[in-house]
Structure formats: C-alpha cells, structure tokens
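Structural description and commentary
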Amino acid sequence: MARRSPARVRADALARSQTTGAPAEAIPGLSPRGRFAVARLERERYWPGAAAEALRAWSLFLRDPWHRLFDPAESCGVMLCCPDPAELREILHAVAHVLPRKDARALRRRVGELEDLW
Ligand SMILES: [Zn+2]
C-alpha cells in the first residue's frame, strides 16, 4: 500500500482537530505556570491551542523531505497544511519568551532539535 503523503496526513490531522471539539491542545511537558502563561499569551495574541499547533506544524513541516521546496506564496493558509515558517518561528519565539525559565529552556531545546532538520 502506498504511503500517505505528508499533505494527506496533515489534512487528516486538521480535520480531526476541527471535528472533535476537544479542548485546545497544549504543549506537553509544561509546568502548570508555563501552561498558564501560554494560555494567557494565546488569549491575548493568538488563538486557543496556537502554541501546540505551531510546534506540531513546525515538526510536520521540517520532517517533510520536501519542505525546502515549499513556497509560502502558494500556501493555502492552513497552518497544519501549508505553514509559514516565519509565522511559526514568530509564535514559538513569543511562547518561549513568556514561559518560566525551565519550560523555556525545554521548549527551545525541542525547537532547536527541529531546526537541525532544516
Ligand atoms: Zn495547504
């Protein structure tokens, strides 16, 4: 059986997240204070679940072997399908900035590991 394309996997993940009505996803492993800080940032500047979504989108994007060929000008505008690398970096940077130091370190390490895939 053919492997599902990364775009297909992303589209399915997105459809799932939109139909379950589950509470906004949070970045795993954060301290309670970190979760609170992220929720406040999302409320004030982004949308519920933005941080975890950005991290997931970045991870999917960088694991896609074709990611370097992606042209943001041809994006469909759906973050989990056609993420804008500049937007994802901006969100993840803002998130790390509001986190308590220990959480911020852990997040930056994770993002750094992903950036190594670039
Ligand atoms: Zn798309």
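The preceding data block contains the structure.
Residues numbered from 1 in each chain as written. Predicted model: local features only at pLDDT ≥ 70, side-chain atom pairs only at ≥ 80, totals over all residues.

1. A closer look at the packing of helix α2 (residues 32-45) against helix α4 (residues 85-98)
- It is the contact of α2 with α4, at a shortest axis distance of 9 Å, that shows an interaxial angle of 130°. By the angle between their directions, the pair α2 and α4 is classed as oblique. Seen along the crossing, α2 lies across α4 with a hand that is right-handed. Contacts between α2 and α4 involve Ala 37, Val 38, Leu 41 and Arg 45 on the former and, on the latter, Ala 94, Val 95 and Val 98.
- For the contact of α2 with α4, a count of residues per class yields six nonpolar, no polar and one charged. (Axes fitted to C-alpha atoms, helices over the stretch in contact; angles between N-to-C directions. Helix = DSSP H or I, 4+ residues; strand = E, 2+ residues; numbered from the N terminus. Parallel < 35°, antiparallel > 145°, perpendicular 65-115°, else oblique. Left-handed = near helix turned anticlockwise from the far one by under 90°. Contact = placed C-beta atoms within 7 Å. Nonpolar A, V, L, I, M, F, W, Y, C, P; charged D, E, K, R; others polar.)

2. Observations regarding the environment of Pro 85
- Along the chain, Pro 85 falls in helix α4.
- Pro 85 sits 18 residues away from His 67 along the chain, and the two C-alpha atoms are 9.9 Å apart.

3. Focus on the environment of Arg 56
- Mapping Arg 56 onto the fold places it in helix α3 (residues 50-63).
- In this structure Arg 56 comes out as buried when scored by C-beta crowding, with 20 C-beta atoms within 10 Å.
- Taking C-alpha positions, Arg 56 is 9.0 Å from Ile 27, a pair spaced 29 residues apart along the chain. (Buried ≥ 20, exposed ≤ 12 C-beta atoms within 10 Å, placed from the backbone.)

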